[in-house]
Amino acid sequence: MRAWIVRFASLYIFDLVVLLLIGWLTPGVSVGWAAFWAAVILTAATIWLKPLIHRWFRGMAAKSQNRRTKIGEKLVQYGLVFVVALIVWVLVVVLTRVNVSGWFWGYVLPPVALLIAWAIYDLIDDRIEARAGALYDSATARVRGGRSTVDAVAQAPDSPAASAGRRELKDGLTDEQRRMLDEL
């Protein structure tokens, strides 16, 4: 549960910034206060709907893969990724108060911006989610009475569950933090 909350929250903040940038930099898109709700829709679509649509389109394209050249296959793959971004963008526009005008500025350029944003997020998502996880752990430690997750894992007996908890905790830490946890 923690992993999904952290992933959703970090992607939500990232998507909120992306939507605001799209609204500010694209003359055919007006986002405004709708960015808060649109970021929820975009985040949910990115986490759950985007992989399903992409897998479905990829399965359809695989049927004719042997009839295409290598360049043709790459073009089909790039086209599929753009179509997925376009579908996600149309859902954001339809389900929110994001206003678009013009075919190019409203329905071609924003999906390209989403593709660029997704590529950037893929490069930095581990660091963002690790930072968000640390903030989440800090907040839950305050709610629970000051005992942090690191303390709870370090004081737990060596059972398979405790070992798995340590491994999960170590995945989001830096090398120095891992070394400190090992010393405990």
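In the block above lies the structure referred to throughout.
Residues numbered from 1 in each chain as written. Predicted model: local features only at pLDDT ≥ 70, side-chain atom pairs only at ≥ 80, totals over all residues. Heavy atoms only, no water.

Undergrad: Just give me the short version of the pattern of salt bridges, but keep the residues and values in it.
TA: Under the criterion given, the structure shown has two salt bridges. Measuring nitrogen to oxygen at the nearest pair gives 2.8 Å for the salt bridge that ties Arg68 to Glu73. A relative accessible area of 23% means that Arg68 is categorised as partly exposed. Taking relative accessible area as the criterion, Glu73 reaches 14% and is therefore assigned buried. (Salt bridge = Lys/Arg side-chain N within 4 Å of Asp/Glu carboxyl O. Buried < 20%, exposed > 50% of the residue type's maximum accessible area, 1.4 Å probe, protein only.)

Undergrad: Hey, could you go over the environment of Ile128 for me, with residue numbers and the actual values?
TA: Relative to the assigned elements, Ile128 resides in helix H4 (residues 103-143). With 114 residues separating them in the primary sequence, Ile128 and Phe14 have C-alpha atoms 9.2 Å apart. Excluding its chain neighbours within four sequence positions, the residues that come into contact with Ile128 are Ser10 and Tyr121. (Helix = DSSP H or I, 4+ residues; strand = E, 2+ residues; numbered from the N terminus. Contact = heavy atoms within 4.5 Å.)

Undergrad: Which residues make up helix H3 (residues 70-95), and what values do they have?
TA: Spanning 26 residues, H3 covers 38 Å between terminal C-alpha atoms, matching the ideal 38 Å at 1.5 Å per step. Buried within H3 we find Gly72, Glu73, Leu80, Val84, Ala85, Val88, Trp89, Val92 and Val93. Looking at the buried side of H3, the elements it contacts are helix H1 (2-25), strand E1 (29-30), helix H2 (35-62), strand E2 (99-100) and H4. (Expected span 1.5 Å × (residues − 1).)

Undergrad: So what's going on with the nonpolar core? Which residues, and what values?
TA: Counting 27 residues, the largest nonpolar core has Leu19, Trp89, Val92 and Val98 as its most contacted members. What Val92 contacts, discounting residues up to four positions off in sequence, is Ala38, Ile41, Leu42 and Val98. With five residues, the next largest nonpolar core counts Ile53, Ala61, Leu80 and Val84 among its residues. (Core = buried A, V, L, I, M, F, W, Y, C linked by side-chain atoms within 4.5 Å.)

Undergrad: Describe a nonpolar patch on the surface, naming the residues involved and giving the relevant values.
TA: Taken together, the side chains of Val90, Val94, Leu95, Trp103, Phe104, Trp105 and Tyr107 make up a nonpolar region of the molecular surface, amounting to roughly 730 Å² of accessible area. Contributing elements (two or more residues each) for the nonpolar patch: H3 and H4. Ranked by residue count, the leading element in the nonpolar patch is H4, at four residues. Note on placement: Trp105 falls in helix H4. Owing to a relative accessible area of 39%, Trp105 belongs among the partly exposed residues under this scheme. (Patch = residues over 30% accessible without salt bridge, like charges linked within 9 Å, V, L, I, M, F, W, Y side chains within 5 Å. Areas by Shrake-Rupley, 256 points an atom, 1.4 Å probe, with all protein chains shown as cover.)

Undergrad: Before we move on, can you summarise H1 with the specific residues and values?
TA: Relative to the 34 Å expected for 24 residues at 1.5 Å per residue, H1 spans 34 Å between its end C-alpha atoms, a close match to the ideal helical length. Buried within H1 we find Val6, Ser10, Leu11, Tyr12, Phe14, Asp15, Leu16, Val18, Leu19 and Ile22. The inward-facing, buried residues of H1 contact E1, H2, H3 and H4.

Undergrad: Now, about the side chain of Thr46: what can you tell me, with residues and values included?
TA: Take Thr46: it is sitting in helix H2. Excluding residues that lie within four positions of it along the chain, Thr46 makes contacts with Leu11, Asp15, Pro51 and Trp118.

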